[in-house]
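# Summary of structural features
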Amino acid sequence: MRNRNPKAIAALAATALAVALALTAACTSSGVNQGQLNLVSLEQEWQLGQQLERDLAKQLRLVNDRSALAYVNQVGQRIVSQTEMRNLPWKFHIVADKEINAFNIPGGHVYVNTGLIGAADNVAEFTGVLAHEISHGVSRHGTEQLTRSYGLSIVAGLVLGENPAVYQQILAQIVGTGTLAKFSRSAESEADRLGVAYMARAGYDPIGMATMFEELLQRRRSQPGAVAQFFATHPLTEDRIRAVRAQAAQIDRSRLASRDSGYQNLRQRVGP
Ligand SMILES: [Zn+2]
């Protein structure tokens, strides 16, 4: 059975403690996603994330290039540091997959496909998608959706290995579709709005999010297979792009970066 061996339990206990300590800081300013009921505790969520990370490592083709991972994690942490979950442990992974996609799973894990790195011309476009996914995590849209689909007691029992069939179903869904859940339009708008703000505060030009979304819409016409997963799970419309541009227009972008050499280096290593 899952997580019944002492080593795994000890590892979970250690994470639980680290998360509990971090939560003391994070919970005091939880202004995100107010009014939405999410009764899965952050501790449960981070434990679930740890299990999923371990199992996904066996089922996805992950990129092990150290310098590429270091760069993606550095950029990811720079955005996370602008969020209310800055004290929790986040981790960024690269999947060797040509589809243009990225996804967030519970517990602060974000996966980006090499196809996305190939399609995003500069660091602002890349961080546009990254910040959007981080925002889904900060807003806890994943566990919210899981709770809606399966009910709280089942989701809470997942980390205890109580519902192995549901756990396997969730794992298979992530591996098969490149996402944990299909998000509503309001969840998408919230992730855009927070993402633009986090990007700008982290020093990246949020116009990159708009140009990346435009690129995705264009690929839907020219190369639909390459963006099918993304569009199946993140409803993307011209309206969203207009909203991102309008929000970006209110920000002083004169000092924000849209290019850096680290990103070009990343593309050479794992891009197209
Ligand atoms: Zn989304």
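Below is a summary of the structure that appears in this document. (Residues numbered from 1 in each chain as written. Predicted model: local features only at pLDDT ≥ 70, side-chain atom pairs only at ≥ 80, totals over all residues. Heavy atoms only, no water.)

Scanning the protein from terminus to terminus reveals 13 helices and 3 strands. Out of the 272 residues in the protein, the part that is buried amounts to 55%. Put simply, of all contacts in the protein between residues at least 6 apart along the chain, 75% involve residues at least 24 apart. As displayed, the protein offers around 12000 Å² of accessible surface, 52% of which is attributable to carbon and sulfur atoms. (Helix = DSSP H or I, 4+ residues; strand = E, 2+ residues; numbered from the N terminus. Buried < 20%, exposed > 50% of the residue type's maximum accessible area, 1.4 Å probe, protein only. Contact = heavy atoms within 4.5 Å. Areas by Shrake-Rupley, 256 points an atom, 1.4 Å probe, with all protein chains shown as cover.)

When two helices pack together, their arrangement is captured by the angle between the axes and the distance separating the axes. For the pair helix α3 (residues 66-80) and helix α13 (residues 261-270), the least separation of the axes is 10 Å and the interaxial angle reads 140°. Of the possible angle classes, the one that applies to α3 and α13 is oblique. For the crossing formed where α3 meets α13, the hand is left-handed. In contact with Ser67, Ala68, Tyr71 and Val72 of α3, α13 contributes Gly262, Tyr263, Leu266, Arg269 and Val270. Here the contact of α3 with α13 is composed, by residue class, of 6 nonpolar, 2 polar and 1 charged. (Axes fitted to C-alpha atoms, helices over the stretch in contact; angles between N-to-C directions. Parallel < 35°, antiparallel > 145°, perpendicular 65-115°, else oblique. Left-handed = near helix turned anticlockwise from the far one by under 90°. Nonpolar A, V, L, I, M, F, W, Y, C, P; charged D, E, K, R; others polar.)

Now for the nonpolar core. Ranked by size, the top nonpolar core spans 51 residues in total, and within it Trp90 and Val112 carry the most contacts. With 7 residues, the top contributor of residues to this core is helix α5 (residues 123-138). The next biggest cluster of nonpolar side chains, apart from the first, holds 19 residues, and it includes Phe103, Tyr111, Leu158 and Tyr167. (Core = buried A, V, L, I, M, F, W, Y, C linked by side-chain atoms within 4.5 Å.)

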